[in-house]
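Tertiary structure, described
Here are the chains, one letter per residue:
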Amino acid sequence: MKIGGRYEYDENHNQLGKGGFGTTFLAKDTKRPGNPLCVVKKFTPPSTEPDTSLKKLKEFFDQEAEILEKLGKHDQIPTLLAHFAENQEFFIVQEYIEGHDLSDELTSCPKMSESDVIKLLLEILEVLEFVHKNEVIHRDITPRNIRRRQSDNKIVLIDFGAVKQISTQLVNNQGQITSTLIIGTTEYMPPERKIGRTTFSSDIYSVGIIALQALTGLRPEESEDNNIENNNILKDNNTLKIVWRDHVNVSPKLAEILDKMVNSDPIKRYHAAKEALEALRCLSFSNDTVNQNQTLESNDKGIVRTVVVALNKNSNSLIQVLLVVIPLIIFTIIATSTIIFIPKMITQRENFLPYENKKYGIKIIKYPESWSPPDIENPVTGEFVTFLSPKQKNGDQFQERLTISVEEKFYGTLEEFTNSNKKEIKNSLVNANILEESQTTLSNRLATKLVYSGQAEGYNFSFKNMQIVTLKGDRVYKVTYTAKIDDYEHFLKTAESMIKSLKID
């Protein structure tokens, strides 16, 4: 069979994988010298899909192709070669990575050493850092989606879950998404993914499970009971904590990093690949991971990984030690001083990360990396996520926050809701005072802005709030920035940036 006038494959013999409405094939590019291999991903929508639904799915398809085009610029992510529609089917063509899956390595070497696992983590996270930096979540990191390239032995990240979303969207006759199937591999999937919530830390969880599998030689399969079997990594069903430390001895620092990576609470994990990578690089400086027969080395980013002195027994050992150690001490003092003083001279730009929640129609909102996004779904108030600012000092009584809430089945006007909302504010706060009321926009929709102050029950100080409200269908979206009155201005610009970034589906 030939598609796109050039990509040739046999559906019966060249299939690499199948799931949902999608199938992946190994194909030949007949229009390039030597007919090199490539990977074709075919998506066949159900025959019952109306034209409006197909049009909407085509939009998703094009958006995901744009993501792959951008990510494919990295040397360790497959290049996008083509994307097109043909006979009401959608096709994505990517570079084929000659090599083997990481699952082969985990099978052939069931228990890796601690140093090898750290090296593997660094390799994976360095690629994932690029992905997260481009505001993309992989969504399906498993050993089968990590390839070891034959030509240079480097890790290559493949099969992004974002593309799989094309085949999991359920669209109605008006071209609107009615629901989304959960994608991913269960054994490597964090708890929040199973209820449709995804953050960068979801990828970190999957990488952590792979590391535990490499360390222990156990399969990351779930069990119905709390008993430890010889071939499975299990979870405690009460705490959801991964049980693994009894199966292998590792340095306390690495154990701490791995426990943080696979924490069941996404807020307690590393927020993105960059944080986990920094923790591992710091670990590589420690004596726990230094091999005394190694020499001074640095990685491709110029970071020293191991420092070792190799002595000749017949030479003056003391002089050799001093010649190596003294310059190193001087270098360390200079580097430490630089780390301490540079932040005082340069104001670093805050790195923003994306958050999404399909259940409530939040396509994206960008939040500062230093803030934490706990999911606090409250069916009474409609609140489903609050972003907490970092503590400014020890004993900080209240962390500034930005909360998003949704009220369902409201059929009035924006003005009617605003009037009702003001009454509720005055009834729920002591000494409530509406300081400002104006019109604005939220996610390119007409919205009302209220700035108000008052004292909430249980607190001995007053708050100042900025609340933006808009309507979409029968839903009311409220975004509220809350701070102590004296601290209100401190994170106001950050809150405004977050609100401006919000996109509602």
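Note that the structure is predicted; figures quoted are calculated from it, not measured.

This next bit is on the overall build of the protein. Check the secondary structure of the protein and you find 10 helices and 26 strands. Burial analysis of the protein (505 residues in total) assigns 46% to the buried set. Carbon and sulfur atoms form 49% of the exposed surface of the protein, whose accessible area is close to 26800 Å².

Right, let's get into the sheet that holds strand E19 (residues 362-368). Reading across from one edge, E13-E18-E19-E26 is the order of the 4 strands in this open sheet, with antiparallel pairing throughout. Edge positions in the sheet fall to strand E13 (197-198) and strand E26 (503-504), since each of these pairs with one other strand and no more. In the sheet, strand E18 (residues 352-357) pairs with E19 via 5 bridges, with the strands oriented antiparallel. Residue pairing for E19: leucine 353 is matched across the bridge by tyrosine 367.

This brings us to unusual backbone geometry. Although it is not a glycine, asparagine 87 sits at a positive phi angle of roughly 55 degrees. Tracing the sequence through the fold places asparagine 87 in the loop between strand E6 (80-86) and strand E7 (89-95). The class of asparagine 87 is exposed, set by a relative accessible area of 70%. Despite not being glycine, glutamate 135 shows a phi value in the positive range, around 60 degrees. Turning to its location among the elements, glutamate 135 is positioned in the loop between helix H3 (114-133) and strand E9 (146-149). Residue classification places glutamate 135 among the partly exposed positions, given a relative accessible area of 34%.

This next bit is on the pattern of salt bridges. Taken as a whole and assessed by the stated rule, the structure comprises 19 salt bridges. A salt bridge links aspartate 101 to arginine 147; the nearest nitrogen and oxygen atoms lie 2.9 Å apart. In this pair, aspartate 101 sits in strand E8 (residues 99-101) while arginine 147 sits in strand E9, placing the two residues 46 residues apart along the sequence. By relative accessible area, arginine 147 is classed as buried at 12%. Residues lysine 422 and glutamate 437 are paired through a salt bridge, measuring 2.8 Å at the closest nitrogen-oxygen approach. Taken as a pair, lysine 422 in helix H9 (residues 414-428) and glutamate 437 in strand E22 (residues 430-442) lie far apart in primary sequence, 15 residues in all. Looking at lysine 422, the relative accessible area reads 19%, which means it is buried. Salt bridges here are not isolated pairs; linked through shared partners, they connect Asp75, Arg149 and Asp152.

Moving on, we come to the confidence of the model for the protein. Chain-level statistics for the protein give a pLDDT mean of 79 and a share of 73% at 70 or above. Here strand E17 (residues 304-306) stands out as the least confident element of the protein, with mean pLDDT 38; strand E10 (residues 155-157) is the most confident, with 96. Counting interchain partners and residues more than four positions distant, the pLDDT-below-50 stretch residues 162-182 has 60 contacts. In this model, residues 222-230 is a region of pLDDT below 50 whose contacts with residues beyond four sequence positions or in other chains number 21 contacts.

One pass over the structure, following the stated rule, counts 13 aromatic pairs. Seen in terms of ring centroids, tyrosine 367 and phenylalanine 387 are 5.2 Å apart; in terms of plane orientation they differ by 35 degrees. Their pairing is tilted. Within this pair, whereas tyrosine 367 is found in strand E19, its partner phenylalanine 387 is found in strand E20 (residues 383-388), the two being separated by 20 residues in sequence. Judged by its relative accessible area of 2%, tyrosine 367 falls in the buried class. A residue is classified by how much of its surface remains accessible, and phenylalanine 387, at 0% relative accessible area, is buried.

Conventions we followed
Residues numbered from 1 in each chain as written. Predicted model: local features only at pLDDT ≥ 70, side-chain atom pairs only at ≥ 80, totals over all residues. Heavy atoms only, no water. Helix = DSSP H or I, 4+ residues; strand = E, 2+ residues; numbered from the N terminus. Buried < 20%, exposed > 50% of the residue type's maximum accessible area, 1.4 Å probe, protein only. Areas by Shrake-Rupley, 256 points an atom, 1.4 Å probe, with all protein chains shown as cover. Pairing = 2+ DSSP bridges. Salt bridge = Lys/Arg side-chain N within 4 Å of Asp/Glu carboxyl O. pLDDT = per-residue confidence, 0-100. Contact = heavy atoms within 4.5 Å. Phe/Tyr/Trp six-rings, centres within 6.5 Å; stacked < 30°, edge-to-face > 60°.

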